[in-house]
Amino acid sequence: MKHNRAVILYAALLAVVSVTAAGCNSDTQTADTAESAFLAQIETAESGEEVLYASFSSIDEMVETTHANRIIRCTVTERGDCTVFDPMGVLSEAERDSKKAAQFLATPYTLTVSDSYLGNLTKGETVTFYAQYGILGGTSYRQSRYPILETGAEYIMFLRAEEIGGEIVYYLTYTPDSVVRVSGTETIPDTSLFSAYAGDIPALESEIRSLVAENNYSTEIQSSGTADK
């Protein structure tokens, strides 16, 4: 009798484990599908007028010119709900529900820092980063040539941190070319400022560290004192 009871209990435990595992797999598949759908929609989102970006001949020139004050290696650990992001208070309350607000659509991501080359962010620290694209209601928007981030992927990012209304806000210093993916299958395109380091992320990291050590890049955070409306 005791043996039969043990067999029954063991079988029940296996059933619970199997159901739980199936549920986890289902949740993962649902999340992957949602992420793929989101990325596909952002890829085709309207960006309005094409932006004419400056051209830089070196990483050093880009950092100096765009005033990058944070350079990190990080993993995108979470994607939040898209929102109208207007930290400088450009939009009036009425305009937040108008077509003009579409250009302020943003997607908040949680970045978990794994390494810091410039600035005071530390390993394991998390920051919220608002990418300048999003989907809200029936409207989608993506700033011209803005890099699209993928949840779970790892990147090297060149950022400009500013204090706005008492909060630290992070921007890409050079929209089309200040993010380098270091995990997954994506490669660095020939047109990228980082094309010479395609397939050799350690060499890129070494170059960044050397540039930071040799140059007096400012890590000062400017304060605008303007709060979001």
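Further up the page is the structure itself.
Let me sum up the structure you'll find in this document. (Residues numbered from 1 in each chain as written. Predicted model: local features only at pLDDT ≥ 70, side-chain atom pairs only at ≥ 80, totals over all residues. Heavy atoms only, no water.)

**What to know about helix H2 (residues 59–66)**
Then, number 1: Turning to H2, its buried residues number three or more, namely Ile-59, Met-62, Val-63 and Thr-66. Buried residues of H2, viewed axially, fall in a sector of 95°; they line one side.
Then, number 2: If you follow the buried residues of H2, they end up packed against strand S1 (70–79), strand S7 (154–164) and helix H3 (201–214).
Then, number 3: His-67, located one to two residues past H2, shows a positive phi value of around 60°. (Buried < 20%, exposed > 50% of the residue type's maximum accessible area, 1.4 Å probe, protein only. Helix = DSSP H or I, 4+ residues; strand = E, 2+ residues; numbered from the N terminus. Arc of directions from axis to C-beta. Contact = heavy atoms within 4.5 Å.)

**Thoughts on the pairing of strand S3 (residues 105–118)**
Then, number 1: Here S1 pairs with S3 via 8 bridges, running antiparallel. By the bridge assignment for S3, Ile-72 is matched with Ser-116.
Then, number 2: Taken together, the 2 bridges between strand S2 (residues 83–84) and S3 define a ladder with antiparallel strand orientation. Among the inter-strand pairings, Val-84 is bridged to a residue of S3, identified as Leu-105.
Then, number 3: With 6 bridges joining them, S3 and strand S4 (residues 126–131) adopt antiparallel strand pairing. Across the sheet, residue Leu-111 finds its bridge partner in S4, namely Val-127. (Pairing = 2+ DSSP bridges.)

**Quick word on the pairing of strand S5 (residues 133–136)**
Then, number 1: Relative to strand S6 (residues 139–142), S5 runs antiparallel, the two being bridged by 4 bridges. Counted as the bridge partner of Ile-135 is Ser-140 from S6.

That is the geometry; function is a separate question.
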